[in-house]
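# Report on the structure
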Amino acid sequence: SLRLAESQTGGVGGLRPARKGTLPSVEFAGVRFDNVPAILNEDPGALPVEGGNLGLEMLKSFVVTIDTPGGAMYLQQTADRLPLKRERAGIRTEHFGDRLKVMFVSRDGPAARSGLKAGDEIVAIDIRPVGKDYYSLPDWAHGEPGRSVTLGRSDGSTVQLTLADYY
């Protein structure tokens, strides 16, 4: 049985409840991937209707050629097999200029244990102010388990969050 954590998934149509889990292994295009993060839908209105989402991370280990007129996709494995990124904070934020607004906190993740709540505004990560270059910086929420991150909130308080494999 999979260890699951509360999550959200979304796109067109908005956010919907989901669960995150780690699949022991997945074979894709003849390549075996171990410990694959997956999002499993809980809402019958979400896509895909059945199953889950393994994301695009697995495609990074391939050269992908799409034949639009022929309706085909060709995958050629590259020499490098890249590790699959894993979210380790249990938080979903939206970037608004000089801050990250916390939109969702998984009750199962490190962010909840640190005291973060939906509606909090993060203005600094490890002393570095959140700015317009936020998305060009390394993704702190996908760091190594055990890494401690200090988040500065707009009210002047700080939160210490330790990244973990919580699903």
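Now for a look at the structure at hand. This is a predicted model, so every value here is computed, not measured.

Taken as a whole, this structure holds 13 salt bridges when the rule is applied. Ionic pairing is found between K20 and E87, a salt bridge with its closest N-O pair at 2.9 Å. Of this pair, K20 sits in strand β2 (residues 14-28) while E87 sits in the loop between β6 (72-77) and β7 (91-96), placing them 67 residues apart in sequence. Exposure remark for E87: the relative accessible area of 9% places this residue in the buried category.

Below, the discussion takes up the packing of aromatic side chains. Think of a pair of aromatic rings as described by two things: how far the centres are apart, and how the planes are tilted against each other in angle. By the definition in use, this model includes four aromatic pairs. Seen in terms of ring centroids, Y134 and Y135 are 5.0 Å apart; in terms of plane orientation they differ by 70°. Their pairing is edge-to-face. Arranged with centres 4.9 Å apart and planes meeting at 80°, the rings of Y166 and Y167 form a pair that is edge-to-face. Each member of the pair, Y166 as well as Y167, carries the same accessibility label: buried. Pairwise contacts between aromatic rings join F28, F33 and F62 into one cluster.

Burial of the side chains of strand β12 (residues 158-162) is restricted to one face: V159 and L161 are buried, whereas none of T158, Q160 and T162 on the reverse face is. Bridging between strand β11 (residues 148-153) and β12 involves five bridges; their strand directions are antiparallel. What sits directly across from G152, in β12, is T158. In this antiparallel pair of consecutive strands, β11 and β12, the connection spans four residues, and G156 shows a positive phi of 95°.

The next subject is the pairing of strand β3 (residues 31-41). Bridge count between β2 and β3: 10 bridges; the pairing is antiparallel. Bridged to K20 within β3 is I39. Here β2 folds back onto β3, and the loop between the two strands holds two residues, one of which, A29, carries a positive phi near 55°. Judged from the two bridges that link them, β3 and strand β4 (residues 52-53) form a sheet pairing that is antiparallel. Of the residues in β4, the one forming a bridge with I39 is N53.

Quick notes on the rules
Residues numbered from 1 in each chain as written. Predicted model: local features only at pLDDT ≥ 70, side-chain atom pairs only at ≥ 80, totals over all residues. Heavy atoms only, no water. Salt bridge = Lys/Arg side-chain N within 4 Å of Asp/Glu carboxyl O. Helix = DSSP H or I, 4+ residues; strand = E, 2+ residues; numbered from the N terminus. Buried < 20%, exposed > 50% of the residue type's maximum accessible area, 1.4 Å probe, protein only. Phe/Tyr/Trp six-rings, centres within 6.5 Å; stacked < 30°, edge-to-face > 60°. Pairing = 2+ DSSP bridges.

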